[in-house]
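Each chain, letter by letter, is given below.
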Amino acid sequence: MNYRKIIADAWQLTQSRKELFWWFGFFPALLQSVVSIVYLSYQFVAFSSSPLFDEDNFGHEIFSTILDVAKTLISEQTGLAVLLVVLIALVGVAYLMLPVFTEGALIQLLARIRAGEQVSMIEGISFGFSRFLQLFEYHLAVKTFSIVSLLTYAALVLRILGVEAFLLFIWIFLLFAIVGLLLGLFFTYSEFFIVIDRKNVFSGMMASGSLVIRHWHHTLFMFILMLIISVRIIFNLLIALLIPLLVIAPIFIFATFTLAKIGVFIGVIIGLIGLYFSAYFLGIFEVFARAVWTFTFLELSSKKDPDLHLLSKEIEAQKDNNV
């Protein structure tokens with residue numbers, strides 16, 4: 001398999017068909033960035049308020065300042081508070097549904113473009129709906145062993161039970177990480193079997209494991225791609241850490257001069273600009289990575305299993321002998 005050509009073709013397609021990004025890459029990346037910011041902000045607040053740190057630490061001071069500003073704004077603008085609650089609920093629902101929908105659409109569109117078909121983005125919407133339930137069920141099944149879930153469990157143990165207990169349980173977390181890595185490797189092509197070959201969840205997972213085992217010599221390539229995706233995750237986390245700091249800094253500065261509203265306005269503008277660039281780069285990379293995996297799946301699944309080919313020949317020969 002020509003890895004360099006697959007990567008080059010995937011990048012060329014990502015650059016030439018920018019509509020794939022704007023329709024099915026940008027908004028999921030935007031939601032991912034927003035949720036990452038909320039998640040890391042929650043972890044920051046939770047750790048700042050935990051017994052691991054003193055109550056007079058800098059993080060607790062920042063949180064208290066922001067909380068005071070938020071209380072002032074909510075007390076003055078009740079309608080704004082209700083609107084924020086509604087927006088948070090909508091973002092939560094969209095985060096659960098939209099990435100799964102766009103994943104199905106992207107896989108089907110990329111596979112058809114690779115086959116030389118002329119497809120429109122409107123067709124991608126129907127592709128996204130056609131296998132949405134199966135993909136959603138698959139993501140629920142494997143979510144327990146995701147990196148985010150593992151980090152959440154580890155952070156919870158560290159905050160509640162302390163450092164000594166965390167060091168005691170760290171081997172369990174490492175074991176879960178290894179299991180998660182192996183499952184992620186074996187189920188690499190599950191989404192593609194579910195979307196392209198229209199298999200159910202269990203059959204898709206089993207077919208993915210079989211494909212990985214048959215083409216074990218491509219494992220190194222898979223690991224390289226997984227490392228690239230890990231770099232994407234790290235970049236996402238760094239961006240998610242930077243944006244709240246950009247938003248908080250003007251609020252904290254202006255709050256000391258009783259100009260909280262100006263600080264909030266400046267912080268929101270800076271945060272939106274940072275959020276846009278974050279979503280843009282992450283969305284481009286998501287389309288590129290999805291294209292690489294789709295092209296790899298199409299090439300590997302098109303290869304006949306030599307063992308099965310020999311077996312079929314033996315069966316045919318045995319039938320001829322019996323006749």
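The paragraphs below set out a description of the structure included in this document. Quick caveat, the model's predicted, so the values are computed rather than measured. (Residues numbered from 1 in each chain as written. Predicted model: local features only at pLDDT ≥ 70, side-chain atom pairs only at ≥ 80, totals over all residues. Heavy atoms only, no water.)

### Quick notes on the overall build of the protein
Phase 1: Within the protein, the regular secondary structure consists of 14 helices and zero strands.
Phase 2: Counting from the amino terminus, helix and strand elements in the protein follow one another as α-α-α-α-α-α-α-α-α-α-α-α-α-α.
Phase 3: Looking at the protein as a whole, 36% of its 323 residues qualify as buried.
Phase 4: Partitioning the intrachain contacts of the protein with sequence separation of at least 6 by distance along the chain shows that 79% fall at a separation of at least 24.
Phase 5: In the form shown here, the protein has an accessible surface area of approximately 19,000 Å², with 73% of it arising from carbon and sulfur atoms. (Helix = DSSP H or I, 4+ residues; strand = E, 2+ residues; numbered from the N terminus. Buried < 20%, exposed > 50% of the residue type's maximum accessible area, 1.4 Å probe, protein only. Contact = heavy atoms within 4.5 Å. Areas by Shrake-Rupley, 256 points an atom, 1.4 Å probe, with all protein chains shown as cover.)

### Considering the nonpolar core
Where a protein is soluble and globular, its nonpolar side chains tend to be buried together.
Phase 1: Core analysis: the biggest nonpolar cluster contains 44 residues, and Leu-20, Phe-24, Leu-109 and Tyr-189 have the highest contact counts within it.
Phase 2: Ranked by residue count, the leading element in this core is helix α13 (residues 260-302), at eleven residues.
Phase 3: Setting aside anything within four residues of it in sequence, one finds Phe-24 in contact with Glu-19, Phe-101, Thr-102, Ala-105, Leu-106, Leu-109, Met-121, Gly-124 and Ile-125.
Phase 4: Counting eight residues, the second-largest nonpolar core is a separate cluster that includes Ala-154, Ala-155, Leu-158 and Phe-166. (Core = buried A, V, L, I, M, F, W, Y, C linked by side-chain atoms within 4.5 Å.)

### Considering the environment of Leu-185
Phase 1: Following the sequence through the fold, Leu-185 ends up in helix α9 (residues 163-186).
Phase 2: Expressed as a C-alpha distance, the spacing of Leu-185 and Gly-209, which sit 24 residues apart in the sequence, is 8.2 Å.

### With respect to the packing of aromatic side chains
Here a ring pair, both rings aromatic, is described through the centre-centre distance and the interplanar angle of the planes.
Phase 1: Here the structure, examined in full by the defined rule, presents 20 aromatic pairs.
Phase 2: A centroid spacing of 6.3 Å and a plane angle of 55° characterise the contact between Tyr-189 and Phe-192, whose relative ring orientation is tilted. In this pair, the class of Tyr-189 matches that of Phe-192, namely buried.
Phase 3: Residue placement shows Arg-114 over the ring face of Phe-295; its charged tip is 4.2 Å from the ring centre. (Phe/Tyr/Trp six-rings, centres within 6.5 Å; stacked < 30°, edge-to-face > 60°. Lys NZ or Arg CZ within 6 Å of the ring centre and 35° of its normal.)

### Notes on a nonpolar patch on the surface
Phase 1: A cluster of nonpolar side chains, Trp-22, Trp-23, Ile-122, Ile-125, Phe-129, Ile-269, Ile-273, Tyr-276, Phe-277 and Phe-281, forms an exposed patch at the surface whose accessible area comes to about 1,000 Å².
Phase 2: Contributing elements (two or more residues each) for the nonpolar patch: α2 (18-24), α6 (121-130) and α13.
Phase 3: Looking at which element gives the most residues to the nonpolar patch, the answer is α13, with five residues.
Phase 4: Tracing the sequence through the fold places Ile-125 in helix α6. (Patch = residues over 30% accessible without salt bridge, like charges linked within 9 Å, V, L, I, M, F, W, Y side chains within 5 Å. Salt bridge = Lys/Arg side-chain N within 4 Å of Asp/Glu carboxyl O.)

### Description of helix α8 (residues 147-161)
Phase 1: Counted at 1.5 Å a residue, the expected span for α8 with its 15 residues is 21 Å, and the 21 Å between its end C-alpha atoms agrees.
Phase 2: For α8, the set of buried residues is Ser-149, Leu-150, Ala-154, Ala-155, Val-157, Leu-158 and Arg-159.
Phase 3: If you follow the buried residues of α8, they end up packed against α3 (26-48) and α9. (Expected span 1.5 Å × (residues − 1).)

### Considerations on unusual backbone geometry
Backbone phi values are negative for most residues with the exception of glycine, while trans is the configuration of most peptide bonds.
Phase 1: For Arg-198, which is not glycine, the phi torsion reads 55° and is therefore positive.
Phase 2: On the secondary structure map, Arg-198 appears in the loop between α10 (190-195) and α11 (201-214).
Phase 3: Its relative accessible area of 49% is what places Arg-198 among the partly exposed residues.

### Side note on helix α7 (residues 132-142)
Phase 1: Turning to α7, its buried residues are Phe-132, Leu-135 and Tyr-138. Projected down its long axis, α7 carries its buried residues within an arc of 130°, all on one side. Turned more than 90 degrees from where α7 packs its buried face, Leu-133 and Leu-140 sit exposed. (Arc of directions from axis to C-beta.)

### Describing the side chain of Ser-208
Phase 1: On the secondary structure map, Ser-208 appears in helix α11.
Phase 2: Apart from residues lying up to four places away in sequence, Ser-208 is in contact with Phe-186, Phe-187, Thr-188, Tyr-189, Ser-190 and Phe-193.

### Points about the pattern of salt bridges
Phase 1: All told, the structure shown has six salt bridges when counted by the stated rule.
Phase 2: Asp-9 is the partner of Arg-114 in a salt bridge, and the nearest nitrogen-oxygen pair spans 3.1 Å. You can see Arg-114 sitting in helix α5 (residues 78-114) and its partner Asp-9 sitting in helix α1 (residues 3-16), a full 105 residues away along the chain.
Phase 3: Under the relative-accessibility criterion, Arg-114 is labelled partly exposed at 34%.
Phase 4: Across the pair Glu-103 and Arg-290 runs a salt bridge whose closest N-O atoms are separated by 3.3 Å. Here Glu-103, found in helix α5, pairs with Arg-290, found in helix α13; they are 187 residues apart in sequence, far enough to count as distant.
Phase 5: Take Glu-103: its relative accessible area is 6%, and that puts it in the buried class.
Phase 6: One salt-bridge network, in which partners are shared between bridges, spans Lys-5, Asp-9 and Arg-114.

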